[in-house]
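Secondary and tertiary structure notes
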Amino acid sequence: MKNFTCAIPTVVHFGQGQIQKLGGEIAARSRKVLVVYGGGSVKRNGVFDAAAAQLNEHGIQWAELPGVEPNPRVATVREGVRLCREQGLDGVLALGGGSVIDCAKAVAAGFYYDGDPWDLSGKKLTPERALPIFTVLTMAATGSEMDDIAVISNPETNEKESFSGPCCYPAVSILDPTYTYSLPASQTAAGTADIMSHTFENYFSPIETSYLADSLAEAILRSCVKYGPKAIETPNDYEARANLMWNAAWAINGFLNMGKPVAWSVHRMEHELSAFYDVTHGVGLAILTPNWMRYVLNERTEARFARYGAEVWGLDPARPARELAEAAIQKTRDFFVSLGLPASLSELGIGPEYFPEMARKARNSGFDRTFVPLSAEDIVNIYQMSL
Ligand code: NZQ
Ligand code: ZN
């Protein structure tokens, strides 16, 4: 196991009714916050009203930044920074999924950055200061509620880039599974694929030396396989929503890659898809992942895929490794399809015209230390397999 530092500072209040703790937590750190939200789902499902009641009860003033886009755009971040500066705000409260939380993080860090907030992502800066960040999560997917990453899109340049830094961990996150009951089946499916992809990125690592992290990864994957379909079939199944929500936080809060190098191959390829075509993150991952698995399956990697097949899909470990590995990959594809997710880029109307440019950009963000190092040509091949 490699050396690592474990420091996840986010306070998580998990469970039904935990919103009651929001006001006190914010009041301990901020007096006037920017309330950030998306296209209006939080107004319809009661989350906005519940948060506003907390702010009122604790005498916290606020301004609003509505309309954060899925795949949040830098123009919205700029607007948030402007509001915080003009109105003397001293905290940011995100109500929503990963896009809203990421936008809130970029506003919080952009507040102290003396330049265009796009630089944080575009130049991959590590911000040293940010306003306190609070989140009320409404969708189990990205894990942004318990990590220090923000992913921002710049449609003018077809770029989607992330930045991170310890100051970007949310100070406090409210995780109430009932707030995800209103999530449509398509987003529940995409979120489940995203959680699984984060887990795969950590699990399929060039160094397999953390038995604890690997076993936890398998447990998260089994939990997604068990509860993803349940949440789609019965949207207000508390147990299913609760397990997905906690899976999401743990898939990317750092624990799964402590002691191991991080890979993130499929995410780099998907971010280019989102950058060029604004696709839903989890949908892009579901299309690419089984093809990436097929592409990197070889004599060196087959044992890992075989273990995945036995531990996650319950396949017979006595079968030959290559056969087991191939069956596990097919199970992965079949599972995503069973959730209603597309299996090909052509289903989204995406053709091959930008593949070389997307591959070059993805490759630039690093593919040398991944599970299987990939050239730009390899990445084009995986996009082609996904057509
Ligand atoms: O806009 P609103 O009204 O909020 O509606 C959203 C949006 O349309 C809706 N939704 C969310 N919760 C709902 C709900 N609708 C009804 N009821 C609810 N309870 O779902 C749609 C998608 O929301 P979004 O926040 O975009 O989804 P997600 O959480 O998947 O976030 C995706 C973004 O996060 C980035 C992705 O690249 C993408 O930009 N990621 C962030 C990461 C991080 N910070 O660590 C890591 C991830 O790998 C990912 O890259
Ligand atoms: Zn993701």
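Because the structure is a prediction, the values reported are computed rather than measured.

Neighbouring ligand 1 are 32 residues, the closest being Gly-39, Gly-98, Ser-99, Asp-147 and Lys-160. Here Gly-39 contributes a backbone N or O atom positioned 2.7 Å from an oxygen atom of ligand 1. A distance of 3.0 Å separates a nitrogen atom of ligand 1 from a polar backbone atom of Ile-149. Starting from 960 Å² of accessible surface for ligand 1 in isolation, the protein chains cover 90%. Looking at the shell around ligand 1, the elements that each hand over two or more residues are α5 (98-110), β6 (149-154), α7 (185-203) and α10 (265-277). Looking at side-chain class alone, the shell around ligand 1 contains 10 nonpolar, 18 polar and four charged residues.

Attention now goes to the sheet that holds strand β4 (residues 91-96). Pairing is parallel across the open sheet formed by six strands, whose spatial order is β1-β8-β5-β4-β2-β3. Since the sheet does not close on itself, it has two edges, and those belong to β1 (11-14) and β3 (61-65), each with one partner. For this sheet, the mean inter-axis angle between neighbouring strands, taken without regard to orientation, is 20°. Note that β4 and strand β5 (residues 133-137) share five bridges and pair parallel. Paired with Ala-94 across the strands is Thr-135, a residue of β5. Contacts from helix α4 (residues 74-86) reach β2 (32-37) and β3, with the element oriented near 155° to β3.

So, about empty space enclosed by the protein. One pass over the full model with this rule turns up two cavities of 30 Å³ or more. Approximately 60 Å³ is the volume found for the largest cavity. In this structure, the largest cavity is lined by Ala-140, Thr-180, Leu-183, Thr-188, Thr-192, Arg-241, Leu-244 and Met-245. Where the lining of the largest cavity is concerned, the elements lending two or more residues are α7 and α9 (238-252). Ranked by residue count, the leading element in the lining of the largest cavity is α9, at three residues. Roughly 30 Å³ of volume is contained in the second largest cavity. Val-35, Phe-48, Ala-51, Ala-52, Leu-55, Trp-62, Leu-93 and Leu-95 together form the lining of the second largest cavity. Elements supplying a minimum of two residues to the lining of the second largest cavity: α3 (47-57) and β4.

Attention shifts here to unusual backbone geometry. Backbone geometry at Lys-124 places phi at a positive 50°, although glycine is not the residue there. Here Lys-124 shows up in the loop between α6 (118-122) and β5. The residue Asn-158 is not glycine, and still its phi comes out positive at about 55°. For Asn-158, the position within the fold is in the loop between β6 and β7 (159-164). On the basis of relative accessibility, which here comes to 27%, the residue Asn-158 falls in the partly exposed class.

Scoring rules and cut-offs
- Residues numbered from 1 in each chain as written.
- Chains lettered and ligands numbered in written order.
- Predicted model: local features only at pLDDT ≥ 70, side-chain atom pairs only at ≥ 80, totals over all residues.
- Heavy atoms only, no water.
- Near = heavy atom within 4 Å.
- Polar contact = N/O pair within 3.5 Å; in protein donor to acceptor, adjacent residues only side chain to side chain.
- Areas by Shrake-Rupley, 256 points an atom, 1.4 Å probe, with all protein chains shown as cover.
- Helix = DSSP H or I, 4+ residues; strand = E, 2+ residues; numbered from the N terminus.
- Nonpolar A, V, L, I, M, F, W, Y, C, P; charged D, E, K, R; others polar.
- Pairing = 2+ DSSP bridges.
- Axes fitted to C-alpha atoms, helices over the stretch in contact; angles between N-to-C directions.
- Contact = heavy atoms within 4.5 Å.
- 1 Å grid on protein atoms, 1.4 Å probe; cavity = no way out; pocket = protein on both sides within 12 Å on 5 of 7 lines; lining within 4 Å.
- Points joined across faces, edges and corners; volume = space filled by probe spheres on them.
- Buried < 20%, exposed > 50% of the residue type's maximum accessible area, 1.4 Å probe, protein only.

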